[in-house]
Amino acid sequence: DGGITQSPKYLFRKEGQNVTLSCEQNLNHDAMYWYRQDPGQGLRLIYYSQIVNDFQKGDIAEGYSVSREKKESFPLTVTSAQKNPTAFYLCASSAITGVSGANVLTFGAGSRLTVL
Amino acid sequence: GQQLNQSPQSMFIQEGEDVSMNCTSSSIFNTWLWYKQDPGEGPVLLIALYKAGELTSNGRLTAQFGITRKDSFLNISASIPSDVGIYFCAGTASKLTFGTGTRLQVTL
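Thresholds applied
- Residues numbered from 1 in each chain as written.
- Chains lettered and ligands numbered in written order.
- Predicted model: local features only at pLDDT ≥ 70, side-chain atom pairs only at ≥ 80, totals over all residues.
- Heavy atoms only, no water.
- Pairing = 2+ DSSP bridges.
- Helix = DSSP H or I, 4+ residues; strand = E, 2+ residues; numbered from the N terminus.
- Axes fitted to C-alpha atoms, helices over the stretch in contact; angles between N-to-C directions.
- Phe/Tyr/Trp six-rings, centres within 6.5 Å; stacked < 30°, edge-to-face > 60°.
- Buried < 20%, exposed > 50% of the residue type's maximum accessible area, 1.4 Å probe, protein only.
- Salt bridge = Lys/Arg side-chain N within 4 Å of Asp/Glu carboxyl O.

(A) Quick peek at the sheet that holds strand E1 (residues 4–7) of chain A. All names here are of chain A. The four strands are arranged E1-E3-E8-E7 in an open sheet whose pairing can be described as antiparallel. Edge positions in the open sheet fall to E1 and strand E7 (64–66), since each of these has one partner strand only. When strand polarity is set aside, the average angle formed by the axes of neighbouring strands in this sheet is 20°.

(B) Broad picture of the packing of aromatic side chains. Residue and element names in this part refer to chain B. This model, assessed by the stated rule, comprises 10 aromatic pairs over all chains. Their ring planes at 50° and their centres at 4.9 Å tell us that phenylalanine 29 and tryptophan 32 sit as a pair that is tilted. Classification of tryptophan 32 as buried rests on a relative accessible area of 0%. Ring centres of tyrosine 35 and phenylalanine 98 lie 5.9 Å apart, and the angle between their planes is 45°; this geometry places the pair in the tilted category. Remark: phenylalanine 98 occurs in strand E10 (residues 96–98) and tyrosine 35 occurs in strand E4 (residues 31–37); sequence separation between them is 63 residues. The same class applies to tyrosine 35 and to phenylalanine 98, which are both buried.

(C) Focus on the pattern of salt bridges. Considering all chains together, one arrives at six salt bridges over all chains under this definition. A:Asp38 is paired through a salt bridge with A:Arg36; the nearest N and O atoms lie 2.8 Å apart. A:Arg36 carries the same exposure label as A:Asp38, and that label is buried. Across the pair B:Asp38 and B:Lys36 runs a salt bridge, and its minimum N-O distance is 3.2 Å. On the accessibility criterion, B:Asp38 (35% relative accessible area) is partly exposed.

This is the structure:
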């Protein structure tokens, strides 16, 4: 079945360490996204990519980095510069690449990062 | 920037009751989407709306794209325990914006 796979599901990190969250999709979608979810808040966009080897900052990109070397993969690195990294991270993809229009997103199951 | 107000923030209802929630925007949207998120999982698309005035059903769920294009409603009829979760609206204008979610809890 087609879908989005995020790993790991749970991750613990010490302060000062970089961590990388994996996101792989086999939906043949062009666009991929990373969102951050905190309790009581909506989903906030970190980065998105509409095509291989290209990506744009979202609303809260500071302290994060991404790469898009393959269409299927969009890993997110949470760097030590991110001041409050404990959160639930969601990866998504869509078939429509325009920033306007019907961006119907398919989400992965999420990765929960906890900083100790 | 675009803002989405989703209400209510949370609901406690009894099994069998009908549920209504809504989202309002400060600007006109071209598309409205409704997602449900189970605890510890990613959101799953319930209904997508593409035209003002559109009314779409998915089983016990019904959603409407407001005539003004600034609001949308989701109704759940005859709620059951598995309806528990967080329901998000999302709208697209220049970009996709998510509401803050409605947390639904169903008691037996």
